Amino acid sequence: MVIGSVPYLNAVPLTWALHKIGFRGTLVFGTPAQLSSWLEGGKIDAGLVPIAEYLRGVGSGIVAGVALASDGAVRSVLLFSKVPTFQIETIAVDRGSRSSVMLLKVLMAERYGNIPVLFPMEPDLEAMLSIADAALLIGDAALLAQVNPRWQVTDLGQEWKELTGLPFVFAAWVLREGCAESELANWLIKAKIEGLKNLEAIVAEESQRRNLDENLVRYYLTECIRYDLTEVHIESIQTFNRLCVKHRLLPGIRNIRLIESS
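Residues numbered from 1 in each chain as written. Predicted model: local features only at pLDDT ≥ 70, side-chain atom pairs only at ≥ 80, totals over all residues. Heavy atoms only, no water.

1. Structural notes on the overall build of the protein
Inference 1: A count of helices and strands for the protein gives 11 helices and 11 strands.
Inference 2: Relative to the globule expectation of 18 Å for 262 residues, the C-alpha radius of gyration of the protein, 18 Å, shows essentially globular dimensions.
Inference 3: With the C-alpha coordinates of the protein rotated into their principal frame, the extents come out at 50 × 45 × 30 Å.
Inference 4: Per-residue burial for the protein yields a buried fraction of 56% across its 262 residues.
Inference 5: Counted over contacts in the protein with a minimum sequence separation of 6, partners at least 24 positions apart contribute 80%.
Inference 6: Carbon and sulfur atoms provide 48% of the accessible area of the protein, an area that totals close to 11300 Å².
Inference 7: Computed over 25 positive and 29 negative side-chain charges, the separation of the two mean positions in the protein equals 3 Å. (Helix = DSSP H or I, 4+ residues; strand = E, 2+ residues; numbered from the N terminus. Rg over C-alpha atoms; globule rule 2.2 N^0.38 Å. Buried < 20%, exposed > 50% of the residue type's maximum accessible area, 1.4 Å probe, protein only. Contact = heavy atoms within 4.5 Å. Areas by Shrake-Rupley, 256 points an atom, 1.4 Å probe, with all protein chains shown as cover. Lys, Arg positive; Asp, Glu negative; His and termini not counted. Charge placed at Lys NZ, Arg CZ, Asp CG, Glu CD.)

2. Quick look at the sheet that holds strand 1 (residues 2-5)
Inference 1: Here six strands make up an open sheet; going across it, the order is 2-1-3-10-4-11 and the pairing mixed. The sheet is open, and its two edges are formed by strand 2 (26-29) and strand 11 (258-259), each paired on a single side.
Inference 2: Examined bridge by bridge, strand 4 (residues 61-70) and strand 11 share two bridges and lie parallel to one another. Residue pairing in the sheet places V63 in a bridge with I259 of strand 11. (Pairing = 2+ DSSP bridges.)

3. Some words on the pairing of strand 5 (residues 77-81)
Inference 1: Strand 5 sits mainly inside the fold: five of its five residues count as buried.
Inference 2: Here strand 5 shows a buried face lined by V77, L79 and S81 and a second buried face lined by L78 and F80.
Inference 3: With five bridges joining them, strand 5 and strand 8 (residues 134-138) adopt antiparallel strand pairing. When the bridges of strand 8 are listed, L79 appears paired with L136.
Inference 4: Relative to strand 9 (residues 152-155), strand 5 runs antiparallel, the two being bridged by four bridges. Looking across to strand 9, one finds that L78 is bridged to D155.

4. Observations concerning helix 9 (residues 199-209)
Inference 1: Three or more residues of helix 9 are buried, namely L199, I202, V203, E206 and S207. Here the buried residues of helix 9 occupy an arc of 115° about the axis, which is enough to place them on one side. In this structure, helix 9 carries Q208 and R209 as exposed residues pointing more than 90 degrees from its buried face.
Inference 2: Lining the buried residues of helix 9 we find helix 1 (12-15), helix 8 (181-197) and helix 10 (214-224). (Arc of directions from axis to C-beta.)

5. Section: the side chain of R254
Inference 1: Tracing the backbone shows R254 in the loop between helix 11 (231-246) and strand 11.
Inference 2: The buried charged residue R254 lacks any salt bridge partner; its closest oppositely charged side chain belongs to E177, at an N-O distance of 7.2 Å.
Inference 3: Polar contacts involving the side chain of R254 include one to the main-chain carbonyl oxygen of Y54, which spans 2.5 Å.
Inference 4: In this structure R254 touches Y54, L55, G57, V58, G59, S60 and N241, once residues within four positions along its chain are discounted. (Salt bridge = Lys/Arg side-chain N within 4 Å of Asp/Glu carboxyl O. Polar contact = N/O pair within 3.5 Å; in protein donor to acceptor, adjacent residues only side chain to side chain.)

6. Brief notes about the packing of aromatic side chains
Inference 1: Under the criterion given, the structure shown has six aromatic pairs.
Inference 2: Judged by centre distance (5.8 Å) and plane angle (70°), the rings of F23 and W187 are edge-to-face. Of this pair, F23 sits in the loop between helix 1 and strand 2 while W187 is found in helix 8, placing the two residues 164 residues apart along the sequence.
Inference 3: Considering the side-chain rings of F168 and F240, the 5.0 Å spacing of their centres and the 85° angle between planes classify their relative orientation as edge-to-face. Of this pair, F168 sits in strand 10 (residues 168-175) while F240 is found in helix 11, placing the two residues 72 residues apart along the sequence. (Phe/Tyr/Trp six-rings, centres within 6.5 Å; stacked < 30°, edge-to-face > 60°.)

7. Some thoughts on the pattern of salt bridges
Inference 1: Here the structure, examined in full by the defined rule, presents 15 salt bridges.
Inference 2: Across the salt bridge formed by E53 and R56, the nearest N and O atoms sit 2.8 Å from each other. Pair noted here: E53 and R56 are both in helix 3 (residues 51-56), with a separation of three residues, about one helical turn.
Inference 3: A relative accessible area of 40% places R56 in the partly exposed class.
Inference 4: The shortest N-O distance in the salt bridge between E214 and R218 comes to 3.1 Å. Of this pair, E214 and R218 both sit in helix 10, four residues apart, which is roughly one turn of that helix.
Inference 5: On the basis of relative accessible area, E214 is assigned to the partly exposed category, the value being 37%.
Inference 6: What makes R218 partly exposed here is its relative accessible area of 23%.
Inference 7: Here the salt bridges share partners, and the residues they tie into one network are D140, E206, R209 and R210.

Here is the structure:
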């Protein structure tokens, strides 16, 4: 069994305990875009795949009860702008992102009636803003960004909450068709439970490894990121799906198939 995750801080509680609880398979890391491609190509059996990619048709279903989500400000999906948001015409976006880029498009279309021209780039804020009105950073790059006081910073998790009143699901464990679904779901659910029991150990390890302030890491993992997938999260995914179809970002509605553990 091969499980693919992102290398960002927010995903660590979901994978930290995998091998500690006896998982004997392989854990690999890639960008959200790479994970989606690997899952489609059969290179991994489960991936922490952007929800936009699942809605596009990637994978057979999602593991019940586990997600990477926010309920308001997320701190790690940020739009940095040199001009007021309604004046943005061009945005440089992290080329590894999928759900965050789709969310950005939905928010811009819903709030301002247009979608700016997007340029995929490596996540280098200064370089991005040298060619575009705004830049979208995700993950650790957003957490670590040095903010110029002249820039406007918009948290996409907060924007979605204000627009819909719902949390936002950025990614979920998506499984490959034909894999041992129940067994994989069992490992991933157990790993989440064990990881959340050991958040203080994760905070200590990751703050040192990533050279981040321990209080920031603790706040981010306990207050900004949510790891559950409940009925209200499913409602949010369905709302996102409808808005993506409304703005012609996705071809249609996908029924959400939840995979339970054995």
